[in-house]
Amino acid sequence: MLTFKDVTFRYPEDKEAMMTDLSFQVEQGEFVSLIGASGCGKSTIFRLINRLLEPDSGEIFVGGQEIHKIRSYAGYMPQKDLLFPWRTIEKNLCLPMEIQKIDKEEQRRRSGEVLKEVGLEDYRNKYPKDLSGGMRQRISFARTLLTDADLMLLDEPFSALDALTRMDMQEWLLNQWEHFHKTILFITHDVEEAIFLSQKIYIITETPITHLEIVEVPENYPRKRDFLRRPEMETLKAKLTMQLRKQVM
């Protein structure tokens, strides 16, 4: 689904490159978490995928095609929900379809369908101020779905939520992933969150980024939180935490 091939990038104001000849792949339908210390380049990878930044060299492919040759290939969900306060929930959901110039009746039909899927169909005429933090993130996810892209980039979407809501949202997200069969690349600083959600965890261990270390999570889906307490998972969590602390130091 996603391929980086020998990608090099440097911010103009920096002397050193952020990444050098970086290559990695994410397969169709996978849930992959990307972890690393603050400022290591996680969000830069997302910006390169979204073409908000251009690599100095190398190529990026989605679905086997070079990203400059395709449109609407990735949906992006940021840390903040970025819902417009003056728009109803339905109108917020319609925004990506408006950009694509989809007929208004079709916009209404699709937004109604996705609201039903995420369990918020009764809120279509409400405004963002009427929703809890968890509900707003569910709407943000629904809006990302309506880009109609198979690849979804989620940038720490639950970081601002309280602990209990965050756990609920993690479980909800896994249900949505299994239902919609999307490919998800998920940025997080939370090692336990990465283990609970992911099939694979890609770790940024150094800057400039020359490779990503890959760790597979040995647990099938559907998942219950109990597996996180198993000795091998505690060992994995300690190992990943130590790697991140080394990078910070």
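Before any of the text, the structure's been laid out above.
Rules of the game
- Residues numbered from 1 in each chain as written.
- Predicted model: local features only at pLDDT ≥ 70, side-chain atom pairs only at ≥ 80, totals over all residues.
- Heavy atoms only, no water.
- Axes fitted to C-alpha atoms, helices over the stretch in contact; angles between N-to-C directions.
- Helix = DSSP H or I, 4+ residues; strand = E, 2+ residues; numbered from the N terminus.
- Left-handed = near helix turned anticlockwise from the far one by under 90°.
- Contact = heavy atoms within 4.5 Å.
- Nonpolar A, V, L, I, M, F, W, Y, C, P; charged D, E, K, R; others polar.
- Core = buried A, V, L, I, M, F, W, Y, C linked by side-chain atoms within 4.5 Å.
- Buried < 20%, exposed > 50% of the residue type's maximum accessible area, 1.4 Å probe, protein only.
- Domains from an automatic or database assignment.
- Phe/Tyr/Trp six-rings, centres within 6.5 Å; stacked < 30°, edge-to-face > 60°.
- Parallel < 35°, antiparallel > 145°, perpendicular 65-115°, else oblique.

1. Describing the packing of helix H2 (residues 89-99) against helix H4 (residues 133-145)
So, point 1. Their axes nearest at 8 Å, the elements H2 and H4 cross at an angle of 35°. Crossing hand, H2 versus H4: right-handed. Along its contact with H2, which presents Ile 89, Asn 92, Leu 93 and Pro 96, the element H4 presents Ile 139, Ala 142 and Arg 143.
So, point 2. By residue class, the composition of the contact of H2 with H4 is 5 nonpolar, 1 polar and 1 charged.

2. Some thoughts on the nonpolar core
Grouped burial of nonpolar side chains is what soluble globular proteins tend to show.
So, point 1. One finds Leu 173, Ile 195 and Leu 240 to be the most contacted residues of the largest nonpolar core, which totals 46 residues.
So, point 2. Both of domain 1 (2-73 + 150-247) and domain 2 (85-148) provide at least three residues apiece to this core.
So, point 3. Beyond its immediate chain neighbours, meaning those up to four positions away, Leu 240 contacts Ile 35, Val 191, Ile 195, Ile 201, Ile 203 and Val 215.
So, point 4. Counting residues in hydrophobic clusters, the runner-up holds 33 residues, among them Leu 22, Phe 24, Val 26 and Cys 40.

3. Here we look at the packing of aromatic side chains
The description of an aromatic ring pair uses the distance of the two centres, along with the angle that the planes make with each other.
So, point 1. Tallied over the entire structure, the rule returns 11 aromatic pairs.
So, point 2. Measuring from ring centre to ring centre gives 6.3 Å for Phe 46 and Tyr 76, while their planes differ by 85°; the resulting arrangement is edge-to-face. Remark: Tyr 76 occurs in strand S6 (residues 74-77) and Phe 46 occurs in helix H1 (residues 42-49); sequence separation between them is 30 residues.
So, point 3. Take Phe 46: its relative accessible area is 1%, and that puts it in the buried class.
So, point 4. A relative accessible area of 36% places Tyr 76 in the partly exposed class.
So, point 5. Ring plane angle 20° and centroid distance 6.3 Å describe the contact between Phe 196 and Phe 227, whose orientation is recorded as stacked. Taken together, the positions of Phe 196 in helix H6 (residues 191-197) and Phe 227 in the loop between strand S10 (213-216) and helix H7 (231-248) put the pair 31 residues apart, joining distant regions of the chain. Both residues of the pair, Phe 196 and Phe 227, belong to the buried class.

4. Side note on unusual backbone geometry
So, point 1. Omega for the bond connecting Thr 207 with Pro 208 falls within 30 degrees of zero, at 5°, which places this linkage in the cis form.
So, point 2. Residue placement: Pro 208 occurs in the loop between strand S9 (200-203) and S10.
So, point 3. At the junction of Tyr 221 and Pro 222, the peptide bond is cis and its omega measures out at -5° in the coordinates.
So, point 4. Relative to the helices and strands, Pro 222 is located in the loop between S10 and H7.
So, point 5. Although it is not a glycine, Ser 72 sits at a positive phi angle of roughly 50°.
So, point 6. Residue position: Ser 72 is located in the loop between strand S5 (65-66) and S6.
So, point 7. Here Glu 156, not a glycine, exhibits a phi torsion of approximately 45°, which is positive.
So, point 8. Note on placement: Glu 156 falls in the loop between strand S7 (151-155) and helix H5 (163-180).

5. Remarks on the packing of H2 against helix H3 (residues 104-117)
So, point 1. Two numbers describe how H2 lies on H3: the axes approach to 9 Å, and their chain directions differ by 120°. By the angle between their directions, the pair H2 and H3 is classed as oblique. Handedness of the H2/H3 crossing: right-handed. Contacts from Ile 89, Glu 90, Leu 93, Cys 94, Met 97 and Glu 98 in H2 reach Gln 107, Arg 108, Arg 110, Ser 111, Val 114 and Leu 115 in H3.
So, point 2. Class assignment for the residues of the contact of H2 with H3 results in 6 nonpolar, 2 polar and 4 charged.

6. Observations regarding H2
So, point 1. Within H2, the full set of buried residues consists of Ile 89, Glu 90, Asn 92, Leu 93, Cys 94, Pro 96 and Met 97.
So, point 2. Contacts made by the buried residues of H2 are with H3 and H4.
So, point 3. Lys 101 lies just past H2 and shows a positive phi near 60°.

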